[in-house]
Amino acid sequence: MKRSDRITGVVILVAVALVVVFWIVIHRTPGTLAVVQVDGKVVATVDLTSHEVQTLRITGVLGPLVIVADGKGSIRVTAATCPDQICVHTIPARSPGDQVICVPNHMVITIEGEGTGIDAVAQ
Amino acid sequence: MRKVIAPIVALMVAGAGLAAFFVLRASPEPVTSTYFLMDTVLTVKTTGGDAAAINEHLHALASDVDSMTSYYKAESETVRVNTAAGKGPVSVSPEYGALVKAAVAVEAIDHGRTFDIAISPVSSLWGFTTKDFRVPAAKEISDTLAYSHSDQLVISGNTVQLRDHRARIDLGGIAKGYSLDVMEEYLHSVKPQPRQVIVDFGGDLLLYSGGRKHDWKIGIRDPRGQEIIGYVRSGDAFVATSGDYERYFERDGKRYCHIIDPSTGYPGTLNQSVTVITDIQPMHGAIGDALGKIFFCSPAETQRSLFQTVQGQGIIGAILVDATGTQSTLGPITFVPTGAP
């Protein structure tokens, strides 16, 4: 085996390793992340693994909403300009797949993350 | 050395390209879209095919059903029938006629005791149509019940008529399920076929994988919490849930949910939630939706006997949580509670 063949072999191995690493990086499981959407567009993402209390002020279709992540992994709507206030009274979201929805404001908070293997939740 | 580098770079590029090709081919990224209609959220997650276009089309189909069946939209067929109550027959589209007939056929399973599209004047009394909630007096309820029954409906050819001028119909109890039927019909014929489509219409589901026979894992929401109480596995199916936790109001510590028991005129209190799984057949989305209401307003013994009546007609199974929070199932399904090994 020539020296250049050996180099080629090593470099191919490195290249394959790089491809694998790259693939894992782009497909890695995110930490628990809350995605806030208004009218189907993502307006904010909140890292729920952070221990800080985070307050978001966003604008829904009807008006402003205040969203608070409590620093303990939960997120909820604390104030909203909607007639029924269902979103404010919804149980805080914390696990992948959980949602807090404000229909009048066309606002959805969804917790992303893997692990449950559940395709969809009947509710 | 330079001689060595060129083929190596070429190999690396080719290798990366090949890897990317296989990765992309093996698992196209799902496209998720969220829409708002029928006072709820429609989420569509499509993998493969022309995913974004499929999502848009599914939303358009649901919008069409909304425009046809809405209790509120001035141009809907429901509003035309309701405004003509006590006046005479109204010509309706063949689709609308078929939907009303399907609803009445499901009502007949339990002789209209637990599901009735003509109960809406009583729902209005409770404020569920205006969200101006109140607990009506018993006399008001019994007076209104007198004309809030499907025997007010006359279906003849392509016309629908309500006899009493105060009678009203509301297809809200089956419109979401029916939308899933219309969507499934479209998915069946669309080219190129998507690999998988999950439609979540306000918690009612359509799970579609075409001929791929995907084994779906369906979570069942805890009616008193945000988590799931467990899951069931199923092939492609419609999954309809009726619960007392989505739309309700409370007075003096008592919960009043939006599903009115047509035999009493009061909100159903026997169950916290009922999930009905039906197979992929025409109208089974709508039928599953209606069956959910029937089971919701029935006690356990009746649920079992009703299930025996409808079993073999496309209903796969049901997951029930009664008023005390006790979980049970009907049919050949395996429910795996959260925390089970």
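Residues numbered from 1 in each chain as written. Chains lettered and ligands numbered in written order. Predicted model: local features only at pLDDT ≥ 70, side-chain atom pairs only at ≥ 80, totals over all residues.

Asker: Whenever I open this one, helix H2 (residues 51-69) of chain B confuses me. Can you help?
Answerer: Every α-helical turn comprises 3.6 residues, leaving residues that sit three or four positions apart pointing alike. Under the 1.5 Å per step criterion, the end-to-end length of H2(B) is 27 Å for 19 residues, consistent within 8% with the ideal 27 Å. Buried residues in H2(B) make contact with strand E1 (31-37), strand E2 (40-47), helix H3 (77-83), helix H4 (94-109), helix H7 (172-189) and strand E6 (196-201) of chain B. (Helix = DSSP H or I, 4+ residues; strand = E, 2+ residues; numbered from the N terminus. Expected span 1.5 Å × (residues − 1). Contact = placed C-beta atoms within 7 Å.)

Asker: Explain the sheet that holds strand E5 (residues 159-162) of chain B to me, please; I cannot follow it from the model alone.
Answerer: Think of a sheet as strands paired side by side through backbone hydrogen bonds, with each pair either parallel or antiparallel. Residues and elements named next belong to chain B. On the basis of which strands lie adjacent, the open sheet formed by three strands has the order E3-E5-E4 and antiparallel pairing. Only two strands of the sheet have a single partner each, and these edge strands are strand E3 (90-91) and strand E4 (153-156). Bridge count between E3 and E5: two bridges; the pairing is antiparallel. The residue bridging serine 91 from the neighbouring strand is threonine 159, located in E5. (Pairing = 2+ DSSP bridges.)

Asker: So what exactly am I meant to see when it comes to the pairing of strand E2 (residues 41-47) of chain A here?
Answerer: Along a regular strand, successive side chains alternate from one face of the sheet to the other. All names here are of chain A. For strand E1 (residues 33-38) and E2, the ladder comprises six bridges, and the chain directions are antiparallel. Pairing of valine 36 across the sheet is with alanine 44, part of E2. Linkage of E1 to E2, two consecutive antiparallel strands, is achieved through a turn of two residues, within which aspartate 39 is found at a positive phi near 55°.

Asker: Would you mind showing me how to read the sheet that holds E2(A) here?
Answerer: All names here are of chain A. Taken in spatial order, the four strands make up an open sheet running E2-E1-E7-E6, and their pairing is antiparallel. A single partner strand is all that each edge strand has here, and the edge strands are E2 and strand E6 (99-102). Averaged over all pairs of adjacent strands, the angle between their axes in this sheet comes to 15°, without regard to strand direction. (Axes fitted to C-alpha atoms, helices over the stretch in contact; angles between N-to-C directions.)

Asker: Which parts of the structure should I look at to understand the interface of chain A and chain B?
Answerer: A common way to express how large an interface is: the accessible area buried when the components associate. Counting residues at the interface gives 29 residues for chain A and 36 residues for chain B. For the side of chain A that touches chain B, the elements supplying multiple residues, two or more each, are helix H1 (3-27) and strand E8 (120-122) of chain A. Tallying contributions element by element places H1(A) first for the side of chain A that touches chain B, with nine residues. Each residue belonging to the side of chain A that touches chain B can be placed in one class, and the counts come to 17 nonpolar, nine polar and three charged. Note: E8(A) against strand E8 (residues 216-221) of chain B, three bridges, orientation parallel. Across the sheet, Ala120(A) pairs through a bridge with Ile218(B), a residue of E8(B). (Nonpolar A, V, L, I, M, F, W, Y, C, P; charged D, E, K, R; others polar.)

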